[in-house]
Amino acid sequence: MLTLLSFCGWITGRDLQPRQIEFVYPEPADLRVHAQAFACPLRFGQQANRALLDAEELAWPLAAHFFRACKRWFGESPGRYRARFLTPLEKANPTR
């Protein structure tokens, strides 16, 4: 979960502030690591692992450095990968 949130922060160029994090596994005996890593309310024993975010955060645009990285990663890829990944990004971010 922390890796996913960190990646989302990297691609937007901003720090995400989840409202709550939910885990399927039971509450651990020592919550200090989780509390330090997420700094928001934590719920355990839930039906899915998920991070609850504000709608505003979900609408953040991709950061320019992420778009440049995608161009490097997929720009010389076979056509099917370019069409699947890079073309939609180029359409959504025509100025980058």
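Just so we're clear, the structure is a prediction, and the values are computed from it rather than from any experiment. (Residues numbered from 1 in each chain as written. Predicted model: local features only at pLDDT ≥ 70, side-chain atom pairs only at ≥ 80, totals over all residues. Heavy atoms only, no water.)

1. Concerning the packing of aromatic side chains
Right, on to step 1. Counting across every chain of the model gives five aromatic pairs.
Right, on to step 2. Taking the centre distance of 6.0 Å and the plane angle of 35° together, the rings of Phe7 and Trp10 count as tilted. One end of the pair is Phe7 and the other is Trp10, both in helix H1 (residues 2-12) and three residues apart, which spans about a single turn.
Right, on to step 3. Through pairs of rings, three or more aromatic residues link up here, namely Phe23, Tyr25, Phe38 and Phe44. (Phe/Tyr/Trp six-rings, centres within 6.5 Å; stacked < 30°, edge-to-face > 60°. Helix = DSSP H or I, 4+ residues; strand = E, 2+ residues; numbered from the N terminus.)

2. Side note on the nonpolar core
Right, on to step 1. Within the largest apolar cluster, eight residues are counted, these being Leu5, Leu16, Ile21, Phe23, Phe38, Cys40, Phe44 and Trp60.
Right, on to step 2. Residues within four places of Ile21 in sequence aside, it is in contact with Met1, Leu5, Phe38, Cys40, Pro41, Leu42, Arg43, Arg50 and Ala51. (Core = buried A, V, L, I, M, F, W, Y, C linked by side-chain atoms within 4.5 Å. Buried < 20%, exposed > 50% of the residue type's maximum accessible area, 1.4 Å probe, protein only. Contact = heavy atoms within 4.5 Å.)

3. Points about the sheet that holds strand E2 (residues 42-43)
Right, on to step 1. Read across the sheet, three strands follow the order E2-E1-E3 without closing on themselves; strand pairing throughout is mixed. Among the strands making up the open sheet, the edge pair consists of E2 and strand E3 (50-52).
Right, on to step 2. Bridging between strand E1 (residues 20-22) and E3 involves three bridges; their strand directions are antiparallel. Its bridge partner lying in E3, Glu22 is registered against Arg50. (Pairing = 2+ DSSP bridges.)

4. Description of the confidence of the model for the protein
Right, on to step 1. Summary statistics for the protein give a mean pLDDT of 85 and a share of 81% for residues scoring 70 or more.
Right, on to step 2. Of all the helices and strands in the protein, helix H5 (residues 79-92) carries the lowest mean pLDDT, 68, while E2 carries the highest, 98. (pLDDT = per-residue confidence, 0-100.)

5. Brief notes about the side chain of Glu22
Right, on to step 1. If you trace the backbone, Glu22 turns up in strand E1.
Right, on to step 2. Within the structure, the side chain of Glu22 is placed 3.4 Å from the side chain of Arg43, a separation counted as a polar contact.
Right, on to step 3. A distance of 2.5 Å separates the side chain of Glu22 from the side chain of Arg50, its partner in a polar contact. (Polar contact = N/O pair within 3.5 Å; in protein donor to acceptor, adjacent residues only side chain to side chain.)

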